[in-house]
Amino acid sequence: MTSPRTLLLHTGGTIGMAPSPEGLHPATGLVERALDRLEAGGAVDLKRLDPLIDSANATPEDWNRLSAEIAAHHADYGSFVITHGTDTLAFTASALAMALEGLDKPVILTGAMVPLEQPGSDGERNLADALRIAGEAEPGVWIQFAGQLLRGPRARKVHSAAHDAFSGWPSERMPRRAGPRLIRHAFGRASIAVLPVAPGCAMQVIEHAMKVCDGIVLRCYGSGTVPNDPVLAGALEAAAARAIPVVAVSQTLEGGTTLGTYEAGAILLRHGVIDGRDMTLEAAYAKLALALATCPDLAAQRAFVEAPLCGEFGPTT
Ligand code: ASP
């Protein structure tokens with residue numbers, strides 16, 4: 001029988017922060033005291049990940065630590081809640097949905113825009129909602145924030161101050177990687193650059209990245225256009241010659257890329273850039289990182305990034 005207990009993994013973030021002379025920083029005790037106030041202690045085991053971090057400092061190694069905790073306790077708990085900083089919460093949600101093949105429990109990420117023990121905090125409400133939803137949600141990786149339950153690999157932080165800081169987009173698939181049993185896939189230490197284009201921007205930066213990085217997420221305009229610039233074209237040629245994956249995503253919030261729509265952008269297809277379609281930047285980044293860690297060559301990495309994995313693409317029209 002599945003345990004009704006929830007494992008709460010506290011990673012840091014504003015929800016558990018306290019003031020310091022240089023600004024808010026992670027502190028212990030706040031989430032613990034909130035659990036006492038919510039009288040949730042009886043059904044919840046809390047594990048603090050050491051050290052607690054501002055999620056600005058998160059790396060794929062932290063995604064690995066979280067997926068390892070969930071994998072180690074997958075059979076022991078009915079659900080998992082992760083308290084996390086909001087800045088990179090959507091990256092972690094995407095990463096966990098991709099890393100945990102065969103995940104059979106709800107994993108609910110939440111956090112706060114105002115620390116638990118400051119006036120006007122949204123932390124206690126989000127924590128209480130996440131713990132309640134953990135007992136009801138379908139298996140998969142979800143974000144519970146400001147009253148909304150969002151699909152982990154289809155959500156983004158869209159506001160830097162409002163309580164209602166996340167938006168989510170639909171998908172035809174559940175936010176989980178299906179499989180008959182739990183298999184945990186680990187992220188590696190690939191060097192991945194995230195590079196936006198802008199009118200007249202220094203293409204030499206992109207050129208350098210394409211020569212030294214293991215993979216690139218290229219943030220294009222609209223449906224997948226970029227300046228028809230000889231330095232950019234040369235950079236893409238260098239990336240293709242090194243057989244490193246370049247994934248195009250859109251700078252727009254909705255709609256995504258459809259490479260080949262415009263002539264301004266033809267250089268992307270010509271040089272084998274992978275169409276990220278309507279993946280969020282967060283999902284595309286995590287997926288590229290996992291492709292680099294688990295696929296042997298560019299052809300396999302391309303196939304991995306293009307194929308639906310865990311509800312990271314929107315509904316097909
Ligand atoms: N800088 C904080 C973090 O991501 C912001 C937050 O949690 O709201 O850890």
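Quick note: structure is the one above.
The notes below deal with the structure included here. Predicted model only: the values in this text are computed from it and were never measured.

1. Here we look at helix 9 (residues 298-306)
Part 1 of the argument: Among the residues of helix 9, those classed as buried are Gln-301, Phe-304 and Val-305. Summarising the axial view, the buried residues of helix 9 lie within an arc of 95 degrees, below the 170-degree limit, and thus occupy one face.

2. Some details on the sheet that holds strand 13 (residues 192-196)
Part 1 of the argument: Pairing within the open sheet is parallel, and its four strands lie in the order 13-14-15-16. Both edges of this open sheet fall to strand 13 and strand 16 (274-275), since each of them pairs with a single strand only.
Part 2 of the argument: Pairing analysis gives five bridges linking strand 14 (residues 215-220) to strand 15 (residues 246-250), with the strands arranged parallel. By the bridge assignment for strand 15, Ile-216 is matched with Val-246.
Part 3 of the argument: The strands touched by helix 5 (residues 203-212) are strand 13, strand 14 and strand 15; relative to strand 13, the strand with the most contacts, the crossing angle is about 160 degrees.

3. Focus: the packing of aromatic side chains
Part 1 of the argument: Tallying each qualifying case throughout the model produces five aromatic pairs.
Part 2 of the argument: On the basis of an interplanar angle of 75 degrees and a centroid distance of 4.9 Å, the ring pair of Trp-63 and Phe-187 is categorised as edge-to-face. With Trp-63 in helix 2 (residues 60-73) and Phe-187 in the loop between strand 12 (183-184) and strand 13, this residue pair connects regions lying 124 residues apart in the sequence.
Part 3 of the argument: Judged by relative accessible area, Trp-63 falls into the buried class, the value being 5%.
Part 4 of the argument: Ring centres 6.4 Å apart and planes at 90 degrees place the aromatic pair Trp-63 and Tyr-285 in the edge-to-face group. In this pair, Trp-63 is assigned in helix 2 and Tyr-285 in helix 8 (residues 281-294), connecting sequence segments 222 residues apart. The residues Trp-63 and Tyr-285 share a single accessibility class, namely buried.
Part 5 of the argument: The rings of Trp-63, Phe-91, Phe-187 and Tyr-285 are connected pair by pair, giving a single aromatic cluster.

Calculation notes
- Residues numbered from 1 in each chain as written.
- Predicted model: local features only at pLDDT ≥ 70, side-chain atom pairs only at ≥ 80, totals over all residues.
- Heavy atoms only, no water.
- Buried < 20%, exposed > 50% of the residue type's maximum accessible area, 1.4 Å probe, protein only.
- Helix = DSSP H or I, 4+ residues; strand = E, 2+ residues; numbered from the N terminus.
- Arc of directions from axis to C-beta.
- Pairing = 2+ DSSP bridges.
- Contact = heavy atoms within 4.5 Å.
- Axes fitted to C-alpha atoms, helices over the stretch in contact; angles between N-to-C directions.
- Phe/Tyr/Trp six-rings, centres within 6.5 Å; stacked < 30°, edge-to-face > 60°.

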